[in-house]
Amino acid sequence: MIKFVMAFLTIGLCFALNFVNAQALSGKITGRVTDENGHPADGVVVSLSRSTDSVAVKYELVNTDGSFNFTGIKVGSYQIFISCIGKLPYKSDQIEIDAKHLHIQMTAITILPASKALQEVVITSKKSFLEQQIDRTVVNVDAQISTAGTTALEVLEKAPGVNISQGGAISLHGKTGVSIYIDDKPTYLSGSDLENYLRSMPSSMLSQIELMTNPPAKYDAAGTAGIINIKTKKTRDKGFNMGMNLGLRQSRYTTSNNSLDFNYRRDKVNMFGTFAYTLSNSFNDIDINRQYFYNNGKPSGAFSQNSYIQRKSNAYNAKLGMDIYSSEKTTIGILFNGLIRTPENRNNSKGQLLSAAGQLDSSVISQNYEQGKFRNGSANVNYKHTFEKDGPEITANLDYLAFATDNNQLFLNQNYNTSGINVSKEELKGSLPATIQIYSAKVDYSQPLTKSWKLESGAKSSYTNTDNQANYFNINENNAIPDYNKTNHFLYKEAINAGYLNLNKDFSRLSVQAGFRLENTDSRGHQLGNGQKPDSAFNRNYTSLFPTLYLLYKLDILGDHQLKLTYGRRIERPYYQDLNPFILPLDKYTFYLGNPYLLPSYSGNYEFGYMYKDRIAVTLNYIDIRDRVTETIEIRNGSYYDRPGNIGRTKLYDLNIDAGFEPTAWFSLQLSGDIWQIRQKSDFYTGTLNNHSTNFSGQAMLQFKLNKGWSMQTDGKYQSKQTDAQFEIAARGRLNVAFSKVLSPAATLKLSINDLLYTNINKGSIGNLYQTSAGFRTLSDSRAALLTFSMRLGKSVAGQRKHDQTGAGEENSRVKD
């Protein structure tokens, strides 16, 4: 399969090279838009598209005097599009940018009222799936038909180079330790909790996915593998605009993703909001097999278990904000976000203990039930002031975030002998309330210097306070007896203070960006203990420097061929709940433990890449991680203990290729592939962990533009067998098919089938266990049909807010649900 995929990628790349053009001089197009009375058409969005394939390359919101200015345009043929409700759509003649015509000054464009007698005209511009920038890769979500009706988690899984494990761990180009941001603000979640959070976000809320393996110094240094920034949709069009998205997903169970967004702008005030409701209903069918051995290597027994887990939840997601444009140079904004999720999980399992000869020794039937509530609220106040056009600029953010969880658990285990007679019954109840409060203040300043130099600087302070309780009771004849082995109370406080400097300059062919960030962390944990266990505490204080460097060199005067070299040092701090030393039962033989002794991990990231226009990017990556935090498994007395731990040294070498081309106006192809080798060595429970493996992941997307508003897409992904720490994950893949129909200028219908062949099955084995071997297989609802309907009322083209960044960055990505 690997040879087939590699051959497919190679053929695709060669095919791409035969179709790319070699024109890329830097030109500009300027103009002015007026209404029928000759007044400036303030608030109108102008799009610039390639005339060959209608792909939108730039958007501009016209200034208050009606003017617009497209700069940095490569040689080629373009057209200007303007579409506005109540006005006739405008489409310019073909505009040529070449060596003799680098500056095009258009005559004034007048947009006229639409006549009722005229039929509706659909003006469409198609976004590129990938955009390559000096410090990030941008994925345009709407460019994929098959993302309609899905969730943010499924959108991430379809992004190039992104993989998601069964436990919700997200990796980028083979590297775990990714910080997940939403609108430049960390989510503070990890593992299955982050997975559930992203499942509560409909894909209709998303605009772009930014993949940053080496983020600039202005970003928090957290995330040894980089940052994935999920950008949601925002508008600031004149008047009132509203959008609606309805999605239905059918697998074994039915789920639904729905959202409503609005924008109202009048004079100097812009209000916007999004409201979403997600009904989730999913399952996991898990088979677990463990084989036990004596010291001499002979079998001593075995354990097999089947668990059927059904997860339901209702999630309500809301965002409400307002921008006040007090002047042309000053913007003041306020933003509120809220999420309420009510999960309910049922886990019915049957386990069997077998003798060395494979005979049934005993069995246990478990019925576990969890019900809870997750609440997250945040408030942001932001300020932006530009002192003069193309001059100094200052932005400031104040953030407050609060998380509250209530989780009630009931574990019922019934034990049977070989004759099927119930010999014992165990009942355990748990109540796990938790709160997290985060305060953050951030200021950024940029100053253009002489000779095209630009200086950026900033500072940030954040304070986090967490309170976690675990109260467990053994139920005996309706009497609740405290279980002090599991009951606990953990308090954690953390303060991070940071400052950064960043300097960049564009020479004739060389672009340079260099910076450094200094962060001090002070953390204090206190385990209060209980009636049988004493309390304990720990304090840590450390200061670290994080340099970054970006070099971009144009090999030719046109800038078609470019080389990129980047370096960055990063840190991954433990998630707040991972430091909590609680023991949380998952079933009778499986437990999750926190680890208060976790150390922060540090990485050095090196990248060297080649880019051909926006169509081909080849990147070599090397990362060296010390004390990487990952999931570890320990076997003690036949029980399975899952806890986070530090892996001493991890080295990863990666080759990544992204290629996209459009040989015709009706067909486009996007290819992406990663080949990486990972080497790991560390002291471990069973001695020394020392392994290495070579892995491959590849995906392809084919899009067809059909007649009468129809489009079709097929995309697929293959992942080879992978080894990471103790885990060896078997190869898997998926094939998706999707169709789209434009019903009107404001309405679109989409149908997609994900994992058509039902091959996205998670299975594998676990090594480095004491006198034990273990394997697992998980079936889920990855194969599903999705039907979505979207409608837009108001202006058909949306411009983004100029200021949408909050300041609570890294802290938000370290909270568990």
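Peer 1: Describe the overall build of the protein, listing the residues and the values that go with them.
Peer 2: Scanning the protein for helices and strands turns up 3 helices and 46 strands. Within the protein, buried positions represent 54% of all 817 residues. Per element, the accessible surface of the protein, about 35,100 Å² overall, is 55% carbon and sulfur.

Peer 1: Break down the sheet that holds strand β11 (residues 130-132) for me, citing the residues and quoting the values.
Peer 2: Read from one edge of the open sheet, 5 strands run β11-β12-β16-β17-β15, paired in mixed fashion. The open sheet terminates on both sides in strands that have one partner only, identified here as β11 and β15 (178-182). Averaged over all pairs of adjacent strands, the angle between strand axes in this sheet comes to 20 degrees, irrespective of strand direction. Pairing analysis gives 3 bridges linking β11 to strand β12 (residues 137-140), with the strands arranged antiparallel. Considered in β12, the bridge of Q132 is made with T137.

Peer 1: Account for the packing of aromatic side chains, with residues named and values stated.
Peer 2: Scanning all chains against the criterion turns up 24 aromatic pairs. Taken together, a centroid distance of 5.0 Å and an interplanar angle of 55 degrees make the contact between F684 and Y685 tilted. Feature note: the residues Y567, Y606, Y622 and Y653 constitute an aromatic cluster, connected by ring pairs. Its end group placed over the ring of Y325, R265 keeps NZ or CZ at 4.8 Å from the ring centre.

Peer 1: Can you break down the pattern of salt bridges residue by residue, with the values?
Peer 2: A side chain of one charge can pair with a side chain of the opposite charge if their charged atoms are brought near each other. Going through the model one piece at a time under the given rule, you end up with 20 salt bridges. One salt bridge connects E210 with R136, and the closest N-O pair in it is separated by 3.2 Å. Of the two residues, E210 is situated in strand β16 (residues 206-212) and R136 in the loop between β11 and β12; the sequence distance between them amounts to 74 residues. Judged by relative accessible area, which is 6%, E210 ranks as buried. Three or more residues joined by partner-sharing salt bridges are found here, namely D220, K460, R517, E519 and R573.

Peer 1: Please provide a residue-by-residue account of the environment of I104, values included.
Peer 2: Relative to the helices and strands, I104 resides in strand β8 (residues 103-105). Considering only alpha carbons, one finds I104 and F70, 34 residues apart in sequence, at a separation of 9.8 Å. Once residues lying within four places of it in the same chain are set aside, the contact partners of I104 are K28, I29, T30, I95, E96 and I97.

Peer 1: How would you summarise the nonpolar core if you had to cite specific residues and measurements?
Peer 2: Core analysis: the biggest nonpolar cluster contains 50 residues, and L156, I170, L198, L206, I209, I228 and I230 have the highest contact counts within it. Leave out the neighbours within four places in its chain, and I230 touches L156, I180, Y181, I182, D183, L198, L206, Q208 and I209.

Peer 1: Go over the confidence of the model for the protein, please, and point to the residues and values.
Peer 2: Here the protein shows a mean pLDDT of 85. Residues at 70 or above account for 90%. Segment residues 115-125: pLDDT under 50, and 15 contacts once partners within four positions in sequence are set aside and those in other chains are kept. In the predicted structure, residues 796-805 sits below a pLDDT of 50 and forms 41 contacts with residues beyond four places in sequence or in another chain.

Peer 1: Describe the environment of A659, naming the residues involved and giving the relevant values.
Peer 2: Counting through the fold element by element, A659 comes out in strand β36 (residues 639-664). By relative accessible area, A659 is classed as buried at 1%. C-alpha separation for the pair A659 and L671, spaced 12 residues apart in sequence, amounts to 5.1 Å.

Peer 1: Talk me through a nonpolar patch on the surface; I want residue IDs and the actual numbers.
Peer 2: The grouping of L248, L706, W710, F739, L743, L749, L751 and L787 at the surface amounts to a nonpolar patch, some 700 Å² of accessible area in total. Going through the elements one at a time, β42 (732-744) and β43 (747-754) are the ones with two or more residues in the nonpolar patch. Within the secondary structure layout, L743 lies in strand β42.

Peer 1: Report on the pairing of strand β32 (residues 583-587), specifying residues and quantitative values.
Peer 2: Alignment of β32 against strand β33 (residues 590-593), held across 4 bridges, turns out to be antiparallel. Residue pairing for β33: D587 is matched across the bridge by T590.

Peer 1: Explain the side chain of S752 residue by residue, including any values.
Peer 2: Within the element layout of this structure, S752 appears in strand β43. Its relative accessible area of 2% is what places S752 among the buried residues. Discounting chain neighbours no more than four positions away, the residues touching S752 are S146, A148, V737, A738, A784, A785 and L786.

Peer 1: Quick rundown of the pairing of strand β19 (residues 254-266)? Include the residues and the values.
Peer 2: Of the pairings in the sheet, the one linking strand β18 (residues 239-250) to β19 comprises 12 bridges and is antiparallel in character. Directly across from F240, in β19, lies its bridge partner Y264. Hairpin connection, β18 to β19: the antiparallel pair is bridged by 3 residues. With 11 bridges connecting them, β19 and strand β20 (residues 269-293) associate as antiparallel partners. Its bridge partner lying in β20, S259 is registered against A276. As consecutive antiparallel partners, β19 and β20 are separated by 2 residues, and within that stretch D267 has a phi angle of approximately 55 degrees, a positive value.

Peer 1: So what about unusual backbone geometry? Which residues, and what values?
Peer 2: The phi angle at N478 is positive, at roughly 65 degrees, despite the residue not being glycine. Along the polypeptide, N478 turns up in the loop between β26 (453-476) and β27 (479-482). Phi is positive for Q771, which is not a glycine, with a value near 50 degrees. Its location among the elements puts Q771 in the loop between β44 (762-769) and β45 (772-780). In this structure Q771 comes out as partly exposed when scored by relative accessible area, which is 25%.

Peer 1: How would you sum up the environment of S51? Please name residues and give values.
Peer 2: As for its placement among the helices and strands, S51 is situated in the loop between β2 (45-50) and β3 (55-61). In the structure, S51 is positioned 27 residues away from Y78 in sequence and 4.8 Å away in space, judged by C-alpha atoms. Residue contacts for S51: discarding those within four places in its chain leaves S77, Y78, Q79 and Q94.

The rules we used
Residues numbered from 1 in each chain as written. Predicted model: local features only at pLDDT ≥ 70, side-chain atom pairs only at ≥ 80, totals over all residues. Heavy atoms only, no water. Helix = DSSP H or I, 4+ residues; strand = E, 2+ residues; numbered from the N terminus. Buried < 20%, exposed > 50% of the residue type's maximum accessible area, 1.4 Å probe, protein only. Areas by Shrake-Rupley, 256 points an atom, 1.4 Å probe, with all protein chains shown as cover. Pairing = 2+ DSSP bridges. Axes fitted to C-alpha atoms, helices over the stretch in contact; angles between N-to-C directions. Phe/Tyr/Trp six-rings, centres within 6.5 Å; stacked < 30°, edge-to-face > 60°. Lys NZ or Arg CZ within 6 Å of the ring centre and 35° of its normal. Salt bridge = Lys/Arg side-chain N within 4 Å of Asp/Glu carboxyl O. Contact = heavy atoms within 4.5 Å. Core = buried A, V, L, I, M, F, W, Y, C linked by side-chain atoms within 4.5 Å. pLDDT = per-residue confidence, 0-100. Patch = residues over 30% accessible without salt bridge, like charges linked within 9 Å, V, L, I, M, F, W, Y side chains within 5 Å.

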